[in-house]
Amino acid sequence: LNLDNRELALFLTFGSMTNHRHNKTGKSKKTDGEHGLWRVSERLWKNHSWLFKPEELVGETQKDRLEDVLADEDIMDSRDPRWWYTNAETLYNDYDSDPREFLAAHDYVAPEIETAIQDNGFQGFGGSGKVRSLWLRFMDEEINQLDRIGDIPIPADFHIVGLTNRFGGTDYDPRNKDDREDVKRYWQFFCTQHDFIPVKIDKPLWLLDKYWDSGGHQYISEQLAAIRS
């Protein structure tokens with residue numbers, strides 16, 4: 001997609017917000033592949049770019065049309081149009097239809113933004129914090145560098161908890177809130193000791209666990225062998 005900076009911020013905000021468990025299947029949405037969340041979002045932008053832009057969605061009162069368009073996408077559930085319209089209203093009314101204005105309003109300080117996004121009418125960014133952390137990483141990497149991004153915890157989802165168990169021989173349950181918090185604290189401590197940023201190592205760790213049986217385990221074994229030789 002050929003997006004300017006504001007459009008990219010809106011696209012990433014929409015993609016992050018919709019990255020949750022489907023309320024009918026109870027399963028996490030697939031993010032990769034032709035029918036994954038990001039490809040679907042790409043096609044939505046090409047065919048319905050108006051729905052990403054608060055001034056064209058809220059300003060033109062197209063809530064019903066939004067619901068109809070997203071209803072045609074199996075990966076979207078019934079919460080997505082409601083949540084996105086609410087978030088678009090907040091951006092339209094308070095931030096000139098631009099997520100970058102929200103970042104600027106909080107001086108590009110990651111922990112302040114993390115707190116504010118829970119307190120300013122944004123839907124889909126609560127819960128375990130997975131979406132918040134993911135979105136903040138996207139904003140830092142793609143939109144505007146954020147101060148204190150190292151204070152943002154790793155998104156302790158199924159794959160991060162799973163890889164933590166593989167590495168440490170633990171039996172943390174990704175469905176257990178206390179276990180997820182323990183995993184976050186572990187990686188925060190690890191990153192402090194070794195000068196890493198938790199949300200920056202989220203992607204490689206997540207991929208290692210997802211593809212553990214088709215290359216992840218072999219990769220780790222080869223790296224350890226090289227280090228120990």
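Before reading on, note that the structure itself is shown above.
Keep in mind that this is a model prediction, so the values were computed, not measured.

The rules behind the values
Residues numbered from 1 in each chain as written. Predicted model: local features only at pLDDT ≥ 70, side-chain atom pairs only at ≥ 80, totals over all residues. Heavy atoms only, no water. Phe/Tyr/Trp six-rings, centres within 6.5 Å; stacked < 30°, edge-to-face > 60°. Buried < 20%, exposed > 50% of the residue type's maximum accessible area, 1.4 Å probe, protein only. Helix = DSSP H or I, 4+ residues; strand = E, 2+ residues; numbered from the N terminus. Expected span 1.5 Å × (residues − 1). Contact = heavy atoms within 4.5 Å. Axes fitted to C-alpha atoms, helices over the stretch in contact; angles between N-to-C directions. Left-handed = near helix turned anticlockwise from the far one by under 90°.

S.K.: I would appreciate a short explanation of the packing of aromatic side chains in the present structure.
M.R.: The description of an aromatic ring pair rests on the distance of the ring centres and on the angle between the ring planes. In total, this model carries 16 aromatic pairs according to the counting rule given. An angle of 50° between the planes, with centres 4.8 Å apart, marks the rings of W45 and F52 as tilted. Each member of the pair, W45 as well as F52, is classed as buried. Look at Y186 and F190: their rings are 6.5 Å apart centre to centre, the planes differ by 25°, and that puts the pair in the stacked class. Here Y186 pairs with F190, and both are found in helix α10 (residues 177–194), just four residues apart, close to one helical turn. You can call Y186 partly exposed: its relative accessible area is 39%. Grouping aromatic residues by their ring pairs yields a cluster made of F11, F14, W38, W45, F52, W84 and F138.

S.K.: Quick question: what am I supposed to make of helix α11 (residues 198–210) here?
M.R.: Note that an α-helix has 3.6 residues per turn; residues three or four places apart therefore point the same way. Here α11 spans 18 Å end to end across 13 residues, near enough to the 18 Å set by a 1.5 Å rise per residue. Buried residues of α11: P198, V199, I201, D202, L205, W206, L208 and D209, and no others. Packed against the buried residues of α11 are α8 (130–143), α9 (158–168), α10 and α12 (216–228).

S.K.: For this particular structure, what's the right way to read the packing of helix α1 (residues 5–17) against helix α5 (residues 79–94)?
M.R.: Two packed helices can be described by the angle between their axes and the distance between those axes. Their axes nearest at 10 Å, the elements α1 and α5 cross at an angle of 145°. The handedness of the crossing between α1 and α5 comes out as right-handed. In this structure, α1 uses L10, T13, F14 and M17 to contact α5, whose residues at the interface are D80, W83, W84, N87 and L91.

S.K.: Mind showing me how you'd approach the side chain of N87 here?
M.R.: By the element assignment, N87 lies in helix α5. Other than its neighbours up to four places away in sequence, N87 contacts M17, G121, F122, Q123 and F125.

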